[in-house]
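So the chains spell out like this:
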Amino acid sequence: MGVLNVTPDSFSDGGRFTDPEAAVARGLEMKLEGADVIDVGGESTRPGALPVGETEERRRVLEVVAALAPDVAVSVDTRSAAVAEAAVEAGASLINDVSASLWPVAAALGVGWVAMHMQGEPRTMQLDPRYDDVVSEVRSFLLARAEQAGAAGVREVWIDPGIGFGKSLEHNLALVRCLDHLVGTGVPVLVGASRKGFLGALLGGAPTDDRLEGSLAVAVWAATSGVGMVRVHDVAATVQALRLVGDTTTTPVRV
Ligand code: HH2
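Residues numbered from 1 in each chain as written. Predicted model: local features only at pLDDT ≥ 70, side-chain atom pairs only at ≥ 80, totals over all residues. Heavy atoms only, no water.

Turn by turn, an α-helix covers 3.6 residues, leaving residues three or four places apart pointing in a common direction. Val83, Ala84, Ala86, Ala87 and Val88 are the residues of helix 3 (residues 81–89) that are buried. Of the surrounding elements, those touching the buried residues of helix 3 are helix 2 (54–68), strand 3 (73–77), strand 4 (94–97) and helix 4 (103–109). Backbone nitrogen of alanine 82 and a side-chain oxygen of the N-cap are separated by 3.3 Å at the start of helix 3; the cap is serine 80. Directly beyond the C-terminal end of helix 3, a positive phi value near 125° is found at glycine 91. (Buried < 20%, exposed > 50% of the residue type's maximum accessible area, 1.4 Å probe, protein only. Helix = DSSP H or I, 4+ residues; strand = E, 2+ residues; numbered from the N terminus. Contact = heavy atoms within 4.5 Å. Polar contact = N/O pair within 3.5 Å; in protein donor to acceptor, adjacent residues only side chain to side chain.)

Here it is, written out as structure tokens:
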């Protein structure tokens with residue numbers, strides 16, 4: 001899953017793709033690099049981010065979704081039911097939902113749904129995240145949501161531990177280490193660790209654009225743990241790295 005943020009303020013690619021033409025070109029480029037899905041997002045959910053109004057989010061994403069959808073599978077990264085509905089109408093086939101609440105929309109529209117775990121909300125989630133047992137709490141939450149979605153009739157459900165969403169460095173590392181606990185639920189798992197802050201912290205304060213090696217290491221680790229899809233900025237490099245893993249496991253990992 002290639003990341004395409006059509007926002008002015010995303011933590012990594014913010015401001016680079018606010019021009020729809022540049023966004024569509026980057027989406028098609030990621031397809032050529034080997035991405036299976038392009039994830040179009042119009043609202044940054046980085047720590048401290050404020051919500052974006054629905055009209056503005058629609059303005060940012062719909063044109064880009066409509067332009068890409070004939071050529072490549074598109075997911076819409078949104079917490080808004082109205083934006084999700086409009087994006088599906090424009091051609092998106094997957095709702096990537098960091099609020100893990102939009103399964104009724106996915107069920108009604110007959111599209112896939114990603115349920116991501118987040119503690120709190122973006123503005124305040126990194127202030128003091130706390131868990132008794134982060135791995136089992138995240139696992140139980142996601143499994144319950146996947147069961148609700150399945151019962152509602154959603155036919156393609158993914159679960160995602162939400163790296164960096166209301167999690168300390170230790171929480172992120174525990175979740176990455178124990179991805180097999182999520183895989184063991186039998187629900188397909190998606191992981192988004194690309195260029196995230198915990199890699200910067202581990203890599204001695206490396207800036208966002210200098211976290212490629214860490215991002216690749218997590219993608220390869222995720223694939224060997226049985227994760228089915230990784231959400232990344234650096235598609236070409238990730239596809240190359242995962243080709244090796246794909247040759248040594250039976251299930252190819254999607255990007
Ligand atoms: N992370 C981000 C956004 N959406 N969706 C899923 N399923 N999993 C993730 O880990 C995830 C996500 C945050 O990264 P990014 O989109 O690059 O930045 P921003 O939120 O600043 O736009």
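The discussion continues.
With domains assigned, the protein chain is organised as domain 1 (2–189) and domain 2 (192–255). Using only C-alpha atoms to locate each centre, domain 1 and domain 2 end up separated by 17 Å. Each partner contributes to the interface: domain 1 provides 31 residues, whereas domain 2 provides 26 residues. Interface area, domain 1 with domain 2, both sides summed: about 2,300 Å², of which 62% is carbon and sulfur. Here domain 1 is connected to domain 2 by two salt bridges. A salt bridge links aspartate 77 to arginine 231; the nearest nitrogen and oxygen atoms lie 3.2 Å apart. The interface formed by domain 1 and domain 2 includes eleven residue pairs in polar contact (both at pLDDT 80 or more). Of the residues forming the side of domain 1 that touches domain 2, the biggest block, five residues, is contributed by helix 6 (residues 169–177). Across the side of domain 1 that touches domain 2, the residue classes tally to 15 nonpolar, six polar and ten charged. (Domains from an automatic or database assignment. Buried area = accessible area lost by both parts, 1.4 Å probe. Salt bridge = Lys/Arg side-chain N within 4 Å of Asp/Glu carboxyl O. Nonpolar A, V, L, I, M, F, W, Y, C, P; charged D, E, K, R; others polar.)

Under the defined criterion, the tally for this structure stands at 13 salt bridges. Between arginine 231 and aspartate 39 there is a salt bridge whose closest N-O contact spans 2.9 Å. On the criterion of sequence distance, the pair formed by arginine 231 in the loop between strand 8 (229–230) and helix 10 (235–248) and aspartate 39 in strand 2 (residues 37–41) is long-range, its members being 192 residues apart. For aspartate 39, a relative accessible area of 0% corresponds to the buried category. Of the charged contacts in the structure, one is a salt bridge between aspartate 128 and arginine 130, with a shortest N-O distance of 2.8 Å. Since its relative accessible area comes to 47%, aspartate 128 is described here as partly exposed. Several salt bridges converge on common partners, so that one network encompasses Arg26, Glu29 and Glu33.

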